[in-house]
Amino acid sequence: MESAALRSSVPPDRAVPFFGFVAAVAALAVAAVAVPLAGLPARLPELPVAWWVMAGLAVAAGARPLAPQGRGLGSPIYPSICFSFAIMLGWGLGPAVAVQAVAVAVGALRLRQPAWQVGLAVAQYELALAAAALVVGLARHGELAFGGQPRWSAVTVTVAAAGAWFAVRYGLDAAGARLRLGPAAGAADARALLFEAICAGALLLLGPVLLAAAAASWALIPLVLLPLYAVHRMVRASVDHEQLARMDPLTGLANRKALLAEVADQAAAHATRAADGAAERRMALLLLDLDQFKHVNDALGHAVGDRLLVEVGQRLVHTVGDAAAVARLGGDEFAVLVPGLVDADDARAAAGRVALALAEPVWLDGLPLDVGAAIGVALYPEHGDDFATLMRHADVAMYDAKSRGATVSVYAPESDHNSPERLSLLADLRRALETPGSDEITMYYQPQVALETGEVVGVEALLRWHHPRRGRVNPEELIRAAEHTAVMRLLTHRVLDDVVEQMAKWAASGVRLRASLNVSVRDLHTGELADRVADRLARYGVPAALLQLEITEGALMADPRRVLATIARLDRIGVGIALDDFGTGYSSLQHLRRLPVTEVKVDRSFVLGMVQDADDAAIVTSTIELARALGLRVVAEGVEDEATWRRLREARCHAAQGWFFGRPMPGDELIGWLARYRPPAVSGGGGRHRKPPSISGAAGGK
Ligand code: C2E
Ligand code: MG
Ligand code: MG
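Residues numbered from 1 in each chain as written. Chains lettered and ligands numbered in written order. Predicted model: local features only at pLDDT ≥ 70, side-chain atom pairs only at ≥ 80, totals over all residues. Heavy atoms only, no water.

1. Here we look at the pattern of salt bridges
- Inspection of every chain in the model, using the stated rule, returns 25 salt bridges.
- In this structure, the salt-bridge partner of Arg 646 is Glu 642, at a minimum N-O distance of 2.9 Å. With Arg 646 and Glu 642 both in helix α25 (residues 642-650) and four residues apart, this pair spans about one turn of that helix.
- Taken together, the salt bridges that share partners define one network made up of Asp 497, Arg 532, Asp 535, Arg 536 and Arg 539. (Salt bridge = Lys/Arg side-chain N within 4 Å of Asp/Glu carboxyl O. Helix = DSSP H or I, 4+ residues; strand = E, 2+ residues; numbered from the N terminus.)

2. Let's talk about the coordination of the magnesium ion (ligand 3)
- Each protein donor to the magnesium ion (ligand 3) is listed here as Asp 580 (OD), Asp 581 (OD), Glu 637 (OE) and Glu 637 (OE); together their distances run 2.1 to 2.5 Å.
- Along the chain, the residues donating to the magnesium ion (ligand 3) are arranged with the sequence spacing D-D-x55-E.
- Taken as a pair, the magnesium ion (ligand 3) and the magnesium ion (ligand 2) show a spacing of 4.0 Å, with Asp 580 coordinating each metal. Note that Asp 581 is positioned in strand β13 (residues 576-582) and Glu 637 in strand β15 (residues 633-637), a separation of 56 residues in sequence.
- Judged by relative accessible area, which is 6%, Glu 637 ranks as buried. (Donors = N, O, S within 2.8 Å, 3.2 Å for Na, K, Ca; no water. Buried < 20%, exposed > 50% of the residue type's maximum accessible area, 1.4 Å probe, protein only.)

3. Topic: the packing of helix α18 (residues 487-508) against helix α19 (residues 528-540)
- Interaxial distance between α18 and α19 falls to 10 Å at its minimum, and their mutual angle equals 25°. When the axis of α18 is compared with that of α19, the two are roughly parallel. Here α18 runs over α19; the crossing is right-handed. Counted together, Arg 489, Thr 492, His 493, Leu 496, Asp 497, Val 500, Glu 501 and Ala 504 of α18 and Glu 528, Leu 529, Arg 532, Val 533, Arg 536, Leu 537 and Tyr 540 of α19 form the full contact between these two elements.
- Taken together, the residues that form the contact of α18 with α19 break down as seven nonpolar, two polar and six charged. (Axes fitted to C-alpha atoms, helices over the stretch in contact; angles between N-to-C directions. Parallel < 35°, antiparallel > 145°, perpendicular 65-115°, else oblique. Left-handed = near helix turned anticlockwise from the far one by under 90°. Contact = heavy atoms within 4.5 Å. Nonpolar A, V, L, I, M, F, W, Y, C, P; charged D, E, K, R; others polar.)

4. Some words on the site of ligand 1
- Every one of the 25 residues lining ligand 1 counts as a neighbour, but Gln 446, Arg 464, Asp 580, Glu 640 and Trp 659 are closest to it.
- A distance of 2.9 Å separates an oxygen atom of ligand 1 from a polar atom in the side chain of Glu 460.
- At 3.0 Å from an oxygen atom of ligand 1 is found a side-chain nitrogen or oxygen belonging to Arg 604.
- A total of 790 Å² of accessible area belongs to ligand 1 in isolation, and the protein chains cover 90% of it.
- Within the residue set of the shell around ligand 1, elements represented by two or more residues are β8 (441-450), β9 (456-467), α17 (475-482), α18, β11 (514-519) and β13. (Near = heavy atom within 4 Å. Polar contact = N/O pair within 3.5 Å; in protein donor to acceptor, adjacent residues only side chain to side chain. Areas by Shrake-Rupley, 256 points an atom, 1.4 Å probe, with all protein chains shown as cover.)

5. Section: the packing of helix α4 (residues 49-62) against helix α5 (residues 81-91)
- α5 packs onto α4 with a crossing angle of 155° between their chain directions and a minimal axis gap of 9 Å. Accordingly, the angle class assigned to the pair α4 and α5 is roughly antiparallel. As for how α4 packs across α5, the hand of that crossing is left-handed. Contacts from Ala 50, Trp 51, Met 54, Ala 55, Leu 57, Ala 58 and Ala 61 in α4 reach Phe 83, Ala 86, Ile 87 and Trp 91 in α5.
- When its residues are assigned to classes, the contact of α4 with α5 shows 11 nonpolar, no polar and no charged.

6. Some remarks on the side chain of Lys 601
- Among the secondary structure elements, Lys 601 is positioned in strand β14 (residues 599-602).
- For Lys 601, a relative accessible area of 0% translates into the label buried.
- A distance of 2.7 Å separates polar atoms of two side chains, one belonging to Lys 601 and the other to Glu 460.

7. Section: a nonpolar patch on the surface
- Taken together, the side chains of Trp 152, Val 155, Val 159 and Leu 205 present a nonpolar region at the surface, about 400 Å² in accessible area.
- For the nonpolar patch, the element with the most residues is helix α8 (residues 152-181), which contributes three residues.
- Inspection of the secondary structure assignment puts Val 159 in helix α8.
- Under the relative-accessibility criterion, Val 159 is labelled partly exposed at 45%. (Patch = residues over 30% accessible without salt bridge, like charges linked within 9 Å, V, L, I, M, F, W, Y side chains within 5 Å.)

8. A closer look at the packing of aromatic side chains
- Under the defined criterion, the tally for this structure stands at 12 aromatic pairs.
- Centroid distance Phe 18 to Phe 19: 5.3 Å. Interplanar angle 65°. Geometry classified as edge-to-face.
- A relative accessible area of 1% means that Phe 18 is categorised as buried. (Phe/Tyr/Trp six-rings, centres within 6.5 Å; stacked < 30°, edge-to-face > 60°.)

9. Let's talk about helix α24 (residues 614-629)
- With 16 residues, α24 ought to run about 22 Å at 1.5 Å a step, and its terminal C-alpha atoms sit 22 Å apart, in line with that.
- Within α24, burial applies to Asp 616, Ala 617, Val 620, Thr 623, Ile 624 and Ala 627. Here the buried residues of α24 occupy an arc of 130° about the axis, which is enough to place them on one side. Within α24, the exposed residues directed more than 90 degrees away from the buried face are Ala 614, Asp 615, Glu 625 and Ala 629.
- Against the buried residues of α24 lie β13, β14, α23 (604-609), β15 and α25.
- If you check the start of α24, you find a side-chain oxygen 2.7 Å away from the backbone N of Asp 615, and it comes from Asp 613. (Expected span 1.5 Å × (residues − 1). Arc of directions from axis to C-beta.)

Rendered as structure tokens:
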């Protein structure tokens, strides 16, 4: 993102040295060109038609300066330089600087640059031409002639003059930017500088070609407009490309990459301010996540959701003004970088203004949509001095705001769940996963029973981690810590490998059971998991129909489009998909219908209370009906007693799991358990009627 403010403003504390520099450059330019320019009026009558044509075209071309490239030095390139350079080669410095000054002034005014920028640009171009003229003057004795026989000395001198032009022009630009912005100006990145050198080189070296053409006929001169246009298009295409790479296509705001660059720029600028003793040495990174976006998207569709995001982006830009940078990071997540703050109260106030702006409903198609957002704030430099740290801490603060039901939360290291403790837990988990032969992590299997027949139809694989110091780690806590990190991938791979291997062992003992394993939504973002599933099934000779992956409903709904491709592939492989914890998120029925889901698991929070609580019972029974109507299998989890089992049977739930049937157990204990298992009595009151053990196939379900 180009920060316009950063590019064209002069910080007050830098005004004296910078404007001193501008004055010095201007004075030098006047001194360099005064004499040649003074002689110009007398020469005007004798200048040929070719000169007038070039002068006219230079001014016309000057009116369309080429926009600067992303992270280059940032000054426009003037196509008129090809004419002024040709004029300098053909008729000397005086006529060249006159033409160039008019062309640059016209272009700079058209770009609405402030007066000092126009003056500086004119002076820089004059000095660059003077340097080129000096090289030519030092090297030649007679006229530089380009017609007739090849004259290599003329070519060498011309290239050297173009080099001098470039060095002076960009040297002055870099010095000025550094004085104005301090180290924040940085150095132009090498790619951008090369690009500018190619553009300037292409334009300057057209000069001698133009001069040679003019020697034949002035009528040939306008033909150069086409190559000029080509250079123009090249610059435009490159700038567009650069902008697209830094832009969120939906909202036109900056994207993560651009925000990263802006944070780096601003961090350097603020470090300089702090060194200079300025009070406004802090900046705030605001991270916000819309509260209601998912509901809008689900209820009104993606098109409306997209328009809402655009609207919110505009509102943010409008609220924070030009000095701040607004970016969309993806989904309904936005970030705002507010520079020039004095303290945390300033940051809180800025976040408060944003919150207030988002508290107003957004009107779309005559509907007032409440958006609202949780805003996490991280302050530079207290909470981090680079993009990654600031983002992480703003994220922690945002979740803190969400969990407290607050709108704004400023990062507080005490409430950081990303605490050293959590990080050490993750490090231990990674070690346990990467240590060959470690048995800290094992899989337990909980039986699932068909309610109609009482047969065991499957198992759910559940992770168990026995930490050497902490003892048993709660799997939910563990998954929460790992879910947003790279360790999740390792963990899921381990789970998959263990489960498929276990299924093969059971098969060897004559037990054919469907096994479900839990995956996090992140695992589904790439196709890697599907590849691994196919590979492991083939390696162990396990039929795909016996494997099922469970995805939590909430996670799935957060990003259904990204996950869809993987789910569709798994479906093609023949692996089932269960929607876990159904009822706890905000599912859209439309998603249920559209995704190739084979099973719905009713969350245990409803099942546990369904006998006592009529609302829970209503949720469970209507979920069962809905799933049946859509041709899906329904499994209830958390069945702890017989009464619940009976209610579920009456409601025609397909299968159930819970302590009433069996607790999760290690894989090798399952065979013994199956041998002892007696299905609950199908009819009559109390007690369990013992039936012979039943080791079932993958039946049950749909
Ligand atoms: P989940 O997938 O919904 O798993 C069901 C949870 O209910 C398990 O908790 C299970 O032990 C518990 N449960 C089973 N029967 C009963 C019952 O009758 N009463 C009660 N109160 N609870 C019962 P667990 O093993 O603690 O796992 C918790 C969650 O952690 C799982 O919820 C799942 O979301 C996650 N998880 C477990 N293993 C894995 C894994 O390998 N990968 C991933 N990504 N997540 C896992
Ligand atoms: Mg599960
Ligand atoms: Mg569940």
